[in-house]
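Residues per chain are reported as follows:
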2 protein chains.
Amino acid sequence: MLVAGILAAPTPKTNADAWMALVAPMPSPALGAQLAALKAETAQTWDAGLGPGDWTASRLDAFRAELVRSGLSGFVLPRGDEHQGEYVAPRSERLAWLTGFNGSAGLAIILKDRAAIFVDGRYTLQVRNQTDQTLFEPRHLVDEPPADWLAKTVRRGDRIGYDPWLHTADALHRLREACAQAEAELVAVQRNPVDAVWSNQPPPLAPVIAYGIEFAGRDSAAKRTELAARLMADGYAAAVIAAPDAIAWLLNIRGGDVPHTPLPLSFAVLRADGQVDLFIDPRKLMPGLNSHLGNAVRVAPPAELGAALDALGRAKARVLVDTTSTACWISERLERAGARIGRGQDPCALPKACKNAVELDNIRAAHRRDGAALTRFLAWLAAEAPKGRLTELDAARRLLEFRRSGERFRDLSFSTISGAGANGAIVHYRVTAETSRPIESGTLYLVDSGAQYLDGTTDVTRTVAIGAPTAEQRDRFTRVLKGHIALATARFPKGTSGSQLDALARRALWEVGLDFDHGTGHGVGSYLSVHEGPHRISKAPNTVALQPGMIVSDEPGYYKTGAYGIRIENLIAVRELEAPAGAERPLLGFEVLTLAPIDRALVEPALMTAPETAWFDAYHARVRETLTPLVDEATAAWLAAATRPMGG
Amino acid sequence: MLVAGILAAPTPKTNADAWMALVAPMPSPALGAQLAALKAETAQTWDAGLGPGDWTASRLDAFRAELVRSGLSGFVLPRGDEHQGEYVAPRSERLAWLTGFNGSAGLAIILKDRAAIFVDGRYTLQVRNQTDQTLFEPRHLVDEPPADWLAKTVRRGDRIGYDPWLHTADALHRLREACAQAEAELVAVQRNPVDAVWSNQPPPLAPVIAYGIEFAGRDSAAKRTELAARLMADGYAAAVIAAPDAIAWLLNIRGGDVPHTPLPLSFAVLRADGQVDLFIDPRKLMPGLNSHLGNAVRVAPPAELGAALDALGRAKARVLVDTTSTACWISERLERAGARIGRGQDPCALPKACKNAVELDNIRAAHRRDGAALTRFLAWLAAEAPKGRLTELDAARRLLEFRRSGERFRDLSFSTISGAGANGAIVHYRVTAETSRPIESGTLYLVDSGAQYLDGTTDVTRTVAIGAPTAEQRDRFTRVLKGHIALATARFPKGTSGSQLDALARRALWEVGLDFDHGTGHGVGSYLSVHEGPHRISKAPNTVALQPGMIVSDEPGYYKTGAYGIRIENLIAVRELEAPAGAERPLLGFEVLTLAPIDRALVEPALMTAPETAWFDAYHARVRETLTPLVDEATAAWLAAATRPMGG
């Protein structure tokens, strides 16, 4: 999956529903009462009234009145939360609440007499549909950066507010320079002014559960000891962990505060002696969690984080902070208190990315189940699509049903991208009732989807010909496939980064003057984020060496605007290869995790080399052998045909 | 050429000899007298006494006495000059003068009672041979960075001196932090203490000549106007140009102050109105140069640079400075004076790298001449080597003779790397009378060399089997060749950087667990530096997009320690490709500039694909057709055999 879309399929509307699904298989006596109490507290749904309407003007008026009360001339409001995460809790959808725009990235600047909303290329249409342009002028986030607009627009002496929880120090730097240029002042607020006027903001209170050793594969104490030793060796007294997925990994806990990613919103301070302070709403902790966490983890309410940072400052402690992803509230508080900040990567990021043997075994099992569900869907699609009555929404709903019926299914890992014909060419397509197209014969259908299973996170894209494909479609598909195979079969020495491998996935397209405008691969968590770092495979430089156990997607594509889109995505895991005779360097390669047929009808055999065809046939043989026992007879028959060898 | 080696072959010993070669074809009436005066002034050779001996102790004593006079407890002395260039004038070989170590990179820290010299992996042996270890403790520049050593070793209250002309702000930052950690002070000196005790320091006074439009292809005024417009558009009043090769390109001038690169040491300030202040010793300017420079270029002595920076400061000017390569003396002076510094790339770097049509035509001509010389050498080697009497030095000398006899030859572009057998495996090998090995049957011989012609700079590596190669050598050579061909034939969209292509040159080696530990390609100047940026092809991230006219080397290799080395290097130029039918992106590829046979005896046909063999045969056909008319009959006969097709 490239970037989040939002599927208008039946995904739970409130956090509470999601929790029920999450905790259902782990009942406990106290649970029912606790859940009922939490559910009552968050029963409000926040999204009533989205889309342009009278409510935007009244909210904006109330917001501006609040600015006046706070002595501010304006405010910078990004889409984001205190953790700089990709998915945010409903409470943090402040930009959507105020403007109507609910894309995954954007920023508004509200001044006394005008306001602008900045979005990137994928949202230029959506922002016009969702916001009232007499209130918010749409701007291009990249072509006209907010800092430039600010420098031109604010007046001398203006006081422009920002919420220090919602910006990293790096991002803030440019805004501050822009205000300085205009002789205005950028002012941190104590409380976000949206929160002052948004009365029914739902708190993120999803239950937090233990993630068993049978899934995590490694004791939290062992993880903490290892990381603490590294902090000690590097001369740090502590590290601030602001990423909730890092905390979930470190403490072997899972939650449900944001959509599609089972993480509990929280902060942590990991100390060089292995102790952890976990700042989390204690109401969220399910019975037994305290004993799971143990004595070395001290639980405190989020409001106490500041005092803990102050204490580090008083001790003149050297503290590791990942300033690329940590709210400037934290780094500034530490610095003011007297701590010495060392800038570096979140210490959990790399060990979290390198899955252990137990995690990998679980992930393989999740992929078998996911592959069976996707294969049932593809067989169903092959039977139903020719009848000409399916739409993109129908297909996405049916795929969700197949997945839901499998074991350990908890959620989708992102909103399904279901694109027929020209919609498949919109890389960040989001199907809605308005845009849903019929899946017609003579087109390509692209489906990018994934699930959160208790034992693993999946993410897979297949492109299917509905009816007979054109020669051009076969040519393009085969070039994408060649790139996909080149990456899957790459052999490279230890120390190689994903950026170094990126061209392998593009070369067959480059040959004829084609390319695709997204990354080739992103990391994937273990029943955690479907997008995780620190590694990635992309044109943009990334110097993190690929290491055994890292999971990454392999998803080259091709998009013909207004016509069709192609993407072939498998998840692959880095593994050590046996050294061939004479090898001088430890060699790495990939294990393919995803199991689902790739449409043979779209492959042009003349473009394939013999080793490529051999890979394709061997992959299909493995898919067939693994999945046949897991599917019904009709699907098995379809699968046998879909995976018959291309080669002689 | 990967990195400079130094060849003990007959290269001019003093600058003055080099000037004679440089200006000989452009005599002028006043020249004789001016040259004689300059030559008298620099007749001293600086390198007498290199290598360990009594002189080091006495120089070190004198240096320490100077530190005491200056109130310093120690001093940081890097190998480098005021321009952070790769080659430095004899005057700037302060590290060699003081320590005996004359490698191309290193740094000494001299304290009152101990001193250390830091070098990287390629110089660990050399530094032990060239320095007295009772005086200078050898340290590893990477494993034990100078800043770490400084932090551990200096005492509270120490005053450690540095020459602000010899460090960039970035490099200095770490040293300053290290001193602060030890509660010591890092102090800028007004005059380098080596200069106070090195009495016969030779000034760099090589003549500066005009580089005609027939070579440069573009008027200096046009270049200045274009760059000035860009400065203006970006809101800069001026840019400081600290790189002498950038100034040489901008003003269409050439000089001879440093070995192997025809640049005049100088600084320049380019203003947004197109005017240039050139800070250069006026004695170096040959007759007619002032009129070549024209009224828009004001010539001033280097001592006036400070005053010019002060004036920019007083005007509160916004000044562009490339802080990655500019001495901190300059940026600090500007800041102190009140200027606003904008950090960015030297504005000459990118346009200099993109050669114009005239430059490319000249470079092609230079490569034909160079290819003829190298082919004569290879034919000679094929005849002589079997007799078993040649050494690495003999070969390098003979190659220089062949090049020298060609038109427009001015100098080698670097000291020839001539490595037989195990010496070929030393990537940064430097042949001396002591290390020179016989070129024996049953070994591989690697020669990496290049020349400065008035119309272009060359750089080429060939590896030749002396006698019958082993199957392993053929396998390795063929894998290097496959990488070389993969890069030479790459087709990629506009916007692609060299880093993205790097893996193509390594993939055939990676397949079997092999690799090489150097970059794949570096930029090359137009009768200028053999190493130039801003682009490069390497594992290390580089985000500069390759653009038409950029020249880059294509030089994968393989090195078996203690046995043999293989490298195949051609220069290639980025060019636009004709768009194939259906192409959606402008496509780029390469034109091969270097013309010389690649040893067929080392190619294992079974490892080559049909397109690779076709490329190899087509390249050889082009080499044969182009060079046959330029060589003697015996060489032509050898060339015909050396380039006969591999394919059917």
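Rules used in this analysis
- Residues numbered from 1 in each chain as written.
- Chains lettered and ligands numbered in written order.
- Predicted model: local features only at pLDDT ≥ 70, side-chain atom pairs only at ≥ 80, totals over all residues.
- Heavy atoms only, no water.
- Helix = DSSP H or I, 4+ residues; strand = E, 2+ residues; numbered from the N terminus.
- Rg over C-alpha atoms; globule rule 2.2 N^0.38 Å.
- Buried < 20%, exposed > 50% of the residue type's maximum accessible area, 1.4 Å probe, protein only.
- Contact = heavy atoms within 4.5 Å.
- Areas by Shrake-Rupley, 256 points an atom, 1.4 Å probe, with all protein chains shown as cover.
- Lys, Arg positive; Asp, Glu negative; His and termini not counted.
- Charge placed at Lys NZ, Arg CZ, Asp CG, Glu CD.
- Buried area = accessible area lost by both parts, 1.4 Å probe.
- Salt bridge = Lys/Arg side-chain N within 4 Å of Asp/Glu carboxyl O.
- Polar contact = N/O pair within 3.5 Å; in protein donor to acceptor, adjacent residues only side chain to side chain.
- Nonpolar A, V, L, I, M, F, W, Y, C, P; charged D, E, K, R; others polar.
- pLDDT = per-residue confidence, 0-100.
- Pairing = 2+ DSSP bridges.
- Axes fitted to C-alpha atoms, helices over the stretch in contact; angles between N-to-C directions.
- Domains from an automatic or database assignment.
- Phe/Tyr/Trp six-rings, centres within 6.5 Å; stacked < 30°, edge-to-face > 60°.
- Lys NZ or Arg CZ within 6 Å of the ring centre and 35° of its normal.
- Core = buried A, V, L, I, M, F, W, Y, C linked by side-chain atoms within 4.5 Å.
- Least-squares fit on C-alpha atoms with pLDDT ≥ 70 in both.
- Expected span 1.5 Å × (residues − 1).

Here the focus is the overall build of chain A. Secondary structure assignment for chain A yields 22 helices and 28 strands. For chain A, whose C-alpha radius of gyration is 25 Å, the value lies close to the compact-globule estimate of 26 Å for 648 residues. Residue burial in chain A is summarised as follows: out of 648 residues, 60% are buried. Residue pairs in contact within chain A that sit at least 24 positions apart in sequence constitute 71% of those at least 6 positions apart. Surface exposure of chain A reaches about 23,800 Å², of which carbon and sulfur atoms provide 52%. For chain A, the distance from the average site of its 71 positive side-chain charges to the average site of its 74 negative ones is 1 Å.

Counting residues at the interface gives 30 residues for chain B and 30 residues for chain A. Buried surface at the junction of chain B and chain A, summed over both partners, amounts to about 2,700 Å²; 51% is from carbon and sulfur atoms. On the chain B side of the interface with chain A, the three residues burying the most area are Gln500, Trp510 and Arg585 of chain B, jointly 24% of the side's total. The interface formed by chain B and chain A holds four salt bridges in total. The closest approach of N and O atoms between Arg491 of chain A and Glu511 of chain B, which form a salt bridge, is 3.6 Å. Here chain B and chain A share twelve residue pairs in polar contact (both at pLDDT 80 or more) between them. Counting only elements with at least two residues in the side of chain B that touches chain A, the list comes to α18 (471–488), β21 (492–493), α19 (498–501) and α20 (507–510) of chain B. Class assignment for the residues of the side of chain B that touches chain A results in 15 nonpolar, five polar and ten charged.

All right, on to the confidence of the model for chain A then. Residues and elements named next belong to chain A. Chain-level pLDDT for chain A is 91 on average; 92% of the residues reach the 70-or-more range. Here residues 3–29 scores under 50 on pLDDT; set against residues more than four positions off or in separate chains, the count is 67 contacts. Segment residues 38–52 is flagged for pLDDT under 50; beyond a separation of four residues in sequence, or across chains, it makes 34 contacts in the model. Interface scoring of the predicted complex returns ipTM 0.88; its pTM is 0.90.

Residue and element names in this part refer to chain A. Spatially, β15-β18-β19 is the arrangement adopted by the three strands of the open sheet, whose pairing is antiparallel. One side of each edge strand has no neighbouring strand; the edge strands of this open sheet are β15 (409–412) and β19 (456–457). Bridging between β15 and strand β18 (residues 451–453) involves three bridges; their strand directions are antiparallel. Looking at β18, one finds that Asp411 is bridged to Gln452. This element, helix α16 (residues 357–384), spans β18 and β19 of the sheet and lies at about 130° to β18. Each of β15 and β18 touches helix α17 (residues 392–404); the most contacted strand, β15, lies at about 160° to it.

Another point: the domain arrangement of chain A. All names here are of chain A. For chain A, the assigned domains read domain 1 (15–45 + 204–352), domain 2 (57–197) and domain 3 (354–642). Taking only C-alpha atoms, the centre of domain 1 and the centre of domain 2 are 28 Å apart. The interface of domain 1 with domain 2 comprises 22 residues on the first partner and 18 residues on the second. Across the domain 1/domain 2 interface, buried area totals approximately 1,500 Å², and carbon plus sulfur atoms make up 67% of it. If you look at where domain 1 meets domain 2, you find zero salt bridges. Linking domain 1 with domain 2 are four residue pairs in polar contact (both at pLDDT 80 or more). Counting residues per element, the side of domain 1 that touches domain 2 draws most heavily on helix α14 (residues 328–337), at four residues.

A word on the environment of Thr435 of chain A. In this structure, Thr435 of chain A sits in the loop between β16 (417–420) and β17 (443–449). Beyond its immediate chain neighbours, meaning those up to four positions away, Thr435 of chain A contacts Glu392, Asn423, Tyr429 and Arg430 of chain A.

Residue and element names in this part refer to chain B. Pairing is antiparallel across the open sheet formed by three strands, whose spatial order is β16-β17-β20. Each edge of the sheet is formed by a strand with only one pairing partner; in this case those strands are β16 (417–420) and β20 (460–466). Recorded for the sheet is a direction-independent mean angle of 10° between the axes of neighbouring strands. In terms of strand pairing, strand β17 (residues 443–449) meets β20 through seven bridges, oriented antiparallel. Opposite Tyr445, over in β20, you have Val464 as the bridge partner. Contacts between helix α16 (residues 357–384) and the sheet are confined to β17 and β20, with β20 contributing the most and set at about 15° to the helix.

Here the distance between the centres and the angle between the planes together describe a pair of aromatic rings. Residues and elements named next belong to chain A. Within the structure shown, the criterion is met by 26 aromatic pairs over all chains. Taken together, a centroid distance of 6.0 Å and an interplanar angle of 80° make the contact between Phe409 and Tyr453 edge-to-face. Here Tyr453 lies in strand β18 and Phe409 lies in strand β15, a separation of 44 residues in the sequence. Pair check on accessibility: Phe409 and Tyr453 agree, each one buried. An aromatic cluster of at least three residues, connected via ring pairs, comprises Trp165, Phe267 and Trp329. The ring centre of Tyr211 lies 3.9 Å from the NZ or CZ of Arg254, which sits over that ring. Above the ring of Phe516, the side-chain terminus of Arg506 is found at 3.9 Å from the ring centroid.

This paragraph deals with the nonpolar core. Judged by nonpolar contacts, the single largest core of 115 residues is most densely connected at Phe590 of chain A together with Phe590 of chain B. Excluding residues within four positions of it along the chain, Phe590 of chain B makes contact with Leu487, Ala488, Ala490, Phe492, Leu501, Leu546, Val552, Ile572, Ala573, Val574 and Arg575 of chain B.

Now for the relation of the copies chain B and chain A. Note on the chain copies: they are related by a rotation about an axis and a translation along it. By a simple turn and slide, chain B fits onto chain A: the slide is 0.0 Å along the axis, the RMSD is 0.0 Å, and the turn is 180°. Look at the turn and shift together and you get a two-fold axis relating the two. The residues that chain B uses at the interface reappear at the interface of chain A in 100% of cases, marking a shared surface.

So, about helix α18 (residues 471–488) of chain A. The end-to-end C-alpha distance of α18 of chain A is 25 Å, a good match for the 26 Å that 18 residues give at a rise of 1.5 Å each. Burial within α18 of chain A is extensive, with 15 of its 18 residues counted as buried.

Take unusual backbone geometry next. Residue and element names in this part refer to chain A. Residues Gly533 and Pro534 are joined by a peptide bond in cis, for which omega reads 5°. Positioned with a positive phi, Lys316 is a non-glycine residue whose angle comes to about 55°. Mapped onto the secondary structure, Lys316 falls in the loop between α13 (305–314) and β13 (318–321). The class for Lys316 is exposed, based on a relative accessible area of 53%.

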